[in-house]
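Listed below, chain by chain, are the residues.
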Amino acid sequence: RPIYMERIVQDGIGKMTMLAEVKDIILRGEVESPVLLQADEERLHQLLMVLMDNAIKYTLEGGVIRVACRKLAHTVYLEVEDTGIGIQPEHLPHIFDRFYRGDKARTRQEGGTGLGLAIAKWIVERHGGKIRIESKPAVGTRVLVTLPAG
Ligand code: ATP
(Lines give C-alpha, C1' and ligand atoms only; values in the text may rest on other atoms or scores of the structure.)
Protein backbone atom coordinates (compact mmCIF):
# COMPACT_ATOMS: atom_id res chain seq x y z
CA ARG A 1 0.00 0.00 0.00
CA PRO A 2 1.19 3.57 -0.60
CA ILE A 3 2.84 5.37 2.27
CA TYR A 4 3.63 9.03 2.81
CA MET A 5 7.31 9.81 3.25
CA GLU A 6 6.46 12.96 5.23
CA ARG A 7 5.07 10.73 7.91
CA ILE A 8 8.06 8.41 7.96
CA VAL A 9 10.42 11.37 8.25
CA GLN A 10 8.31 13.20 10.85
CA ASP A 11 8.00 10.03 12.96
CA GLY A 12 11.72 9.40 12.66
CA ILE A 13 12.61 12.91 13.74
CA GLY A 14 10.09 12.71 16.57
CA LYS A 15 11.63 9.50 17.89
CA MET A 16 15.18 10.84 17.68
CA THR A 17 14.62 14.35 19.06
CA MET A 18 15.56 13.49 22.64
CA LEU A 19 18.69 11.63 21.62
CA ALA A 20 19.75 14.55 19.44
CA GLU A 21 19.01 17.13 22.11
CA VAL A 22 21.26 15.38 24.60
CA LYS A 23 24.15 15.93 22.17
CA ASP A 24 22.98 19.39 21.17
CA ILE A 25 22.51 18.18 17.60
CA ILE A 26 20.03 19.85 15.29
CA LEU A 27 17.71 17.61 13.28
CA ARG A 28 16.32 19.01 10.06
CA GLY A 29 13.64 17.38 7.97
CA GLU A 30 13.03 18.46 4.39
CA VAL A 31 10.29 16.61 2.58
CA GLU A 32 8.80 17.81 -0.64
CA SER A 33 5.15 17.07 -0.26
CA PRO A 34 3.57 14.78 -1.03
CA VAL A 35 6.05 11.96 -1.63
CA LEU A 36 4.05 8.77 -1.98
CA LEU A 37 5.76 5.43 -2.14
CA GLN A 38 4.67 1.83 -2.52
CA ALA A 39 6.51 0.24 0.41
CA ASP A 40 6.41 -1.56 3.73
CA GLU A 41 5.89 1.26 6.22
CA GLU A 42 7.46 -0.52 9.19
CA ARG A 43 10.55 -1.42 7.22
CA LEU A 44 10.98 2.10 5.92
CA HIS A 45 10.65 3.41 9.45
CA GLN A 46 13.29 0.91 10.58
CA LEU A 47 15.58 1.99 7.73
CA LEU A 48 15.37 5.63 8.74
CA MET A 49 15.95 4.72 12.40
CA VAL A 50 19.19 2.93 11.53
CA LEU A 51 20.44 5.83 9.43
CA MET A 52 19.48 8.51 11.93
CA ASP A 53 20.84 6.50 14.85
CA ASN A 54 24.20 6.25 13.08
CA ALA A 55 24.14 9.92 12.16
CA ILE A 56 23.60 10.87 15.81
CA LYS A 57 26.13 8.34 17.14
CA TYR A 58 28.88 9.52 14.84
CA THR A 59 28.26 13.25 15.10
CA LEU A 60 29.81 15.41 17.78
CA GLU A 61 28.01 17.97 19.92
CA GLY A 62 26.66 20.94 18.03
CA GLY A 63 26.37 19.07 14.74
CA VAL A 64 23.56 19.10 12.23
CA ILE A 65 21.67 16.19 10.68
CA ARG A 66 19.55 16.68 7.62
CA VAL A 67 16.94 14.22 6.42
CA ALA A 68 15.68 15.02 2.96
CA CYS A 69 13.20 13.29 0.73
CA ARG A 70 11.99 14.05 -2.76
CA LYS A 71 10.51 12.33 -5.74
CA LEU A 72 11.69 12.73 -9.29
CA ALA A 73 9.94 10.87 -12.09
CA HIS A 74 9.37 7.39 -10.61
CA THR A 75 12.17 7.45 -8.09
CA VAL A 76 12.13 8.46 -4.45
CA TYR A 77 15.38 9.92 -3.09
CA LEU A 78 15.98 9.71 0.64
CA GLU A 79 19.09 11.31 2.11
CA VAL A 80 20.50 11.39 5.61
CA GLU A 81 23.42 13.77 5.92
CA ASP A 82 25.47 14.55 9.00
CA THR A 83 28.33 16.83 9.98
CA GLY A 84 29.98 14.05 11.95
CA ILE A 85 33.33 12.32 12.25
CA GLY A 86 33.02 10.73 8.82
CA ILE A 87 34.40 7.39 7.63
CA GLN A 88 38.00 6.68 6.68
CA PRO A 89 38.26 5.70 3.00
CA GLU A 90 39.71 2.28 3.90
CA HIS A 91 36.55 1.42 5.88
CA LEU A 92 34.07 2.57 3.24
CA PRO A 93 34.07 -0.64 1.14
CA HIS A 94 33.16 -2.72 4.21
CA ILE A 95 30.58 -0.74 6.13
CA PHE A 96 27.61 -2.65 4.72
CA ASP A 97 29.09 -5.99 5.85
CA ARG A 98 27.47 -7.68 8.79
CA PHE A 99 29.26 -7.04 12.09
CA TYR A 100 31.76 -4.68 10.48
CA ARG A 101 32.50 -1.65 12.61
CA GLY A 102 34.80 1.22 11.77
CA ASP A 103 37.72 2.49 13.77
CA LYS A 104 37.52 0.31 16.87
CA ALA A 105 39.07 2.85 19.18
CA ARG A 106 36.61 5.48 18.22
CA THR A 107 33.47 3.39 18.05
CA ARG A 108 34.03 1.29 21.15
CA GLN A 109 32.48 3.95 23.38
CA GLU A 110 29.36 3.86 21.24
CA GLY A 111 27.16 0.81 21.59
CA GLY A 112 26.43 -1.16 18.46
CA THR A 113 26.74 -4.50 16.76
CA GLY A 114 27.73 -3.49 13.26
CA LEU A 115 24.44 -4.79 11.91
CA GLY A 116 22.71 -1.48 11.29
CA LEU A 117 23.88 -0.82 7.75
CA ALA A 118 23.54 -4.48 6.73
CA ILE A 119 19.89 -4.28 7.80
CA ALA A 120 19.47 -0.95 6.00
CA LYS A 121 20.87 -2.42 2.79
CA TRP A 122 18.66 -5.47 3.09
CA ILE A 123 15.53 -3.30 3.49
CA VAL A 124 16.45 -1.06 0.55
CA GLU A 125 17.21 -4.00 -1.74
CA ARG A 126 14.00 -5.76 -0.78
CA HIS A 127 12.22 -2.69 -2.11
CA GLY A 128 14.21 -2.80 -5.34
CA GLY A 129 16.29 0.23 -4.38
CA LYS A 130 19.92 1.19 -3.92
CA ILE A 131 21.92 2.62 -1.04
CA ARG A 132 25.31 4.27 -1.11
CA ILE A 133 27.42 6.32 1.24
CA GLU A 134 29.69 9.28 0.64
CA SER A 135 31.89 10.39 3.48
CA LYS A 136 34.80 12.65 4.35
CA PRO A 137 36.64 12.14 7.63
CA ALA A 138 36.06 15.06 10.01
CA VAL A 139 33.56 16.62 7.61
CA GLY A 140 30.59 14.30 7.53
CA THR A 141 28.66 11.51 5.93
CA ARG A 142 25.83 11.34 3.45
CA VAL A 143 23.69 8.28 2.92
CA LEU A 144 21.77 8.23 -0.33
CA VAL A 145 18.87 5.87 -0.84
CA THR A 146 16.93 5.55 -4.07
CA LEU A 147 13.68 3.62 -4.20
CA PRO A 148 11.35 2.93 -7.09
CA ALA A 149 8.10 4.71 -6.25
CA GLY A 150 6.12 1.71 -7.48
P1 ATP B 1 24.78 -0.64 14.91
O2 ATP B 1 24.54 -2.01 14.42
O3 ATP B 1 24.31 -0.41 16.31
O4 ATP B 1 24.28 0.44 13.98
P5 ATP B 1 27.31 0.22 14.05
O6 ATP B 1 26.90 1.65 13.94
O7 ATP B 1 28.72 -0.02 14.44
O8 ATP B 1 26.37 -0.53 15.02
P9 ATP B 1 26.59 -0.06 11.26
O10 ATP B 1 25.38 0.79 11.39
O11 ATP B 1 26.47 -1.29 10.40
O12 ATP B 1 27.11 -0.57 12.67
O13 ATP B 1 27.77 0.82 10.70
C14 ATP B 1 29.03 0.21 10.38
C15 ATP B 1 30.16 1.19 10.60
O16 ATP B 1 30.04 2.26 9.66
C17 ATP B 1 30.14 1.87 11.97
O18 ATP B 1 30.82 1.11 12.93
C19 ATP B 1 30.83 3.18 11.69
O20 ATP B 1 32.24 3.02 11.75
C21 ATP B 1 30.46 3.48 10.24
N22 ATP B 1 29.33 4.46 10.12
C23 ATP B 1 28.03 4.19 9.84
N24 ATP B 1 27.31 5.31 9.76
C25 ATP B 1 28.16 6.34 9.97
C26 ATP B 1 28.01 7.78 10.01
N27 ATP B 1 26.85 8.40 9.79
N28 ATP B 1 29.14 8.50 10.26
C29 ATP B 1 30.34 7.90 10.47
N30 ATP B 1 30.53 6.56 10.45
C31 ATP B 1 29.46 5.79 10.21
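Definitions and limits used
- Residues numbered from 1 in each chain as written.
- Predicted model: local features only at pLDDT ≥ 70, side-chain atom pairs only at ≥ 80, totals over all residues.
- Core = buried A, V, L, I, M, F, W, Y, C linked by C-beta atoms within 7 Å.
- Buried ≥ 20, exposed ≤ 12 C-beta atoms within 10 Å, placed from the backbone.
- Helix = DSSP H or I, 4+ residues; strand = E, 2+ residues; numbered from the N terminus.
- Axes fitted to C-alpha atoms, helices over the stretch in contact; angles between N-to-C directions.
- Left-handed = near helix turned anticlockwise from the far one by under 90°.
- Contact = placed C-beta atoms within 7 Å.
- Nonpolar A, V, L, I, M, F, W, Y, C, P; charged D, E, K, R; others polar.
- Near = placed C-beta within 6 Å.
- Pairing = 2+ DSSP bridges.

For the protein, the name recorded in an unreviewed UniProt entry is histidine kinase, with Paenibacillus glycanilyticus as its organism.

The biggest cluster of nonpolar side chains holds 31 residues, and the ones touching the most others in it are Leu51 and Met52. Elements represented by at least two residues in this core include exactly α1 (5-22), α2 (41-57), β4 (64-72), β5 (75-82), α4 (116-126) and β7 (140-148). Among the elements that make up this core, the one with the highest residue count is α2 (seven residues).

This next bit is on the packing of α2 against α4. A pair of packed helices is captured by two measures, namely the crossing angle of their axes and the spacing between those axes. Following both chains from N to C, one finds α2 and α4 inclined at 145°, their axes separated by 9 Å at the closest point. Where α2 crosses over α4, the handedness of that crossing is left-handed. Residues Arg43, Gln46, Leu47, Val50, Leu51, Asp53 and Asn54 of α2 form the contact with α4, whose participating residues are Gly116, Leu117, Ile119, Ala120, Ile123 and Val124. The residue inventory of the contact of α2 with α4, partitioned by class, reads eight nonpolar, three polar and two charged.

Okay, the site of the ligand next. Near the ligand lie 21 residues; those nearest to it are Tyr58, Gly102, Gly112, Gly116 and Leu117. When contributions to the shell around the ligand are tallied by element, the ones reaching two or more residues are α2 and α4. Element by element, the count of residues in the shell around the ligand is highest for α4, at three residues. Considering only residue class, the shell around the ligand consists of nine nonpolar, 10 polar and two charged.

Pairing geometry for β5 and β7, over eight bridges, is antiparallel. When the bridges of β7 are listed, glutamate 79 appears paired with leucine 144. Pairing of strand β6 (residues 130-136) with β7, which is carried by seven bridges, proceeds in the antiparallel orientation. Counterpart to lysine 136 in the pairing with β7 is glycine 140. What sits between β6 and β7 in their antiparallel hairpin is a turn of three residues, with alanine 138 showing a positive phi close to 70°.

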